[in-house]
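# Survey of secondary and tertiary structure
The lines below spell out each chain.
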Amino acid sequence: MTRLVQLRHGPRRAVALVQEPHLRLINAESIFALSSEAVNAKTFLTALVQKRLTDVLLDYNSVYIGESEWRLLPAIDHPTEPTRCLVSGTGLTHLGSAQNRNAMHDAKESELTDSMKMFKWGVEGGKPAPGKIGIAPEWFYKGNGGILRAHGEPLDVPAYGEDGGEEAEIAGVYLIGPDGQPRRIGMAIGNEFADHKFEKKNYLNLAGSKMRNCSLGPELVIDPEFRSVPGKVAIERGGHEFWSKEIITGENEMCHSLANIEHHHFKFEEHRRPGDLHVHYFGACSLSLGAGIELADGDVMEIAFSGFGRPLRNWLRVARGDKLIVAQPLG
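Turning our eyes to something else, we now look at the pairing of strand β3 (residues 22–26). Two faces belong to every sheet, and in a regular strand the side chains alternate between them. With 4 of 5 residues buried, β3 lies mostly within the body of the structure. Linking two consecutive strands that pair antiparallel, namely strand β2 (residues 12–19) and β3, is a turn of 2 residues.

That bond from E20 to P21 is cis: its omega, 5°, falls within 30 degrees of zero. Summarising the element assignment, P21 is placed in the loop between β2 and β3. Across the junction of G217 and P218, the peptide omega takes the value 0°, indicating a cis bond. Its location among the elements puts P218 in strand β12 (residues 214–222).

Another aspect to go through is empty space enclosed by the protein. In this structure the tally under the stated criterion is 2 cavities of 30 Å³ or more. When its volume is computed, the second largest cavity comes out at roughly 30 Å³. In terms of lining residues, the second largest cavity is bounded by T90, P137, E138, W139, I261, H264, H265 and H280. Within the residue set of the lining of the second largest cavity, elements represented by two or more residues are β7 (138–144) and α8 (258–266). Here the lining of the second largest cavity takes 3 residues from α8, the largest share from any one element. The residue makeup of the lining of the second largest cavity, split by class, is 3 nonpolar, 4 polar and 1 charged.

Reading across the sheet, the 5 strands line up as β9-β17-β16-β13-β14 and stay open at both edges, with mixed pairing between neighbours. The two strands at the open ends of the sheet, each matched to only one other strand, are β9 (154–157) and β14 (240–249). When the angles between neighbouring strand axes are averaged without regard to direction, this sheet yields 20°. Alignment of strand β13 (residues 229–237) against strand β16 (residues 300–305), held across 6 bridges, turns out to be antiparallel. What sits directly across from E236, in β16, is V300.

Residues W139, Y141 and M211 make up a contiguous nonpolar surface patch of about 270 Å² in total accessible area. Relative to the assigned elements, Y141 resides in strand β7.

In this structure, the largest pocket spans a volume of roughly 360 Å³. Surrounding the largest pocket, 16 residues form its lining, T43, F44, L45, R183 and R184 being those nearest its centre. Only α1 (31–41), α2 (45–52) and β11 (182–191) provide two or more residues apiece to the lining of the largest pocket. Tallying contributions element by element places β11 first for the lining of the largest pocket, with 4 residues. Here the lining of the largest pocket is composed, by residue class, of 8 nonpolar, 4 polar and 4 charged.

About the thresholds
- Residues numbered from 1 in each chain as written.
- Predicted model: local features only at pLDDT ≥ 70, side-chain atom pairs only at ≥ 80, totals over all residues.
- Heavy atoms only, no water.
- Buried < 20%, exposed > 50% of the residue type's maximum accessible area, 1.4 Å probe, protein only.
- Helix = DSSP H or I, 4+ residues; strand = E, 2+ residues; numbered from the N terminus.
- Pairing = 2+ DSSP bridges.
- 1 Å grid on protein atoms, 1.4 Å probe; cavity = no way out; pocket = protein on both sides within 12 Å on 5 of 7 lines; lining within 4 Å.
- Points joined across faces, edges and corners; volume = space filled by probe spheres on them.
- Nonpolar A, V, L, I, M, F, W, Y, C, P; charged D, E, K, R; others polar.
- Axes fitted to C-alpha atoms, helices over the stretch in contact; angles between N-to-C directions.
- Patch = residues over 30% accessible without salt bridge, like charges linked within 9 Å, V, L, I, M, F, W, Y side chains within 5 Å.
- Areas by Shrake-Rupley, 256 points an atom, 1.4 Å probe, with all protein chains shown as cover.
- Salt bridge = Lys/Arg side-chain N within 4 Å of Asp/Glu carboxyl O.

Here it is, written out as structure tokens:
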């Protein structure tokens, strides 16, 4: 599989092909530009990558651990207009996610909550026959491209937030072509990250709880295997791992097919604006929240999935001192 990273060195940007233990630089400043060129030239992205390879090699490990002058960027971004990248997600796609959500809202087993109803609908109609439209999954908005963070960067609990918790997922990355056709560039490891305490107070807080930054990367995988993908999520505190869990994702582990998720995202006309990027999280199967873990300032979240390259690591940063925001009348 072709695996790409985005890098910066001061004001300079670059794309590189992962050739462990090296990164081979590609003659391109962003995956967005490279993908746009592939669409316009009506060629495969992998073919264009091979055509643009240079002889310049970087030591991947020094970049990955932050000891190089080169720094990793998110696995995708819009380099000039972050607002033209929509970040969204689908929830209740995995059995574990439904169990976590149900527990979060203290439901009795005898009650069928809205979460469990949606999950049940997904089980019954989330994988339609080819060419057919299935039941719509849960959908949520996270923000624009300005919320994306790279491997090694902090994920922030804002001063107005109540907590921050990891959500280990795979995310799809898409480019809308000049004809309005969505094209999947690839997939990457993602930490969708959310405010679970705020959501737990009331299910209607879900929308606001998702309005947080999130991470993507370090690698973007072109045309990965996505049927059954094992992985691991771990939390470190004080330099030591104190919680971890084996996880699994992919279409075989989900109640919605990839095609159904993509249809229900791109069926909206405003999601097919030429030149836009989309990052869509496919859902988590398990959360440390489900084990009663409450993350603290400085904790490190690590997420790995087989076939998706090196793990994604981010640390939790908690802001203090919430302040009132006042809208000033213009009249």
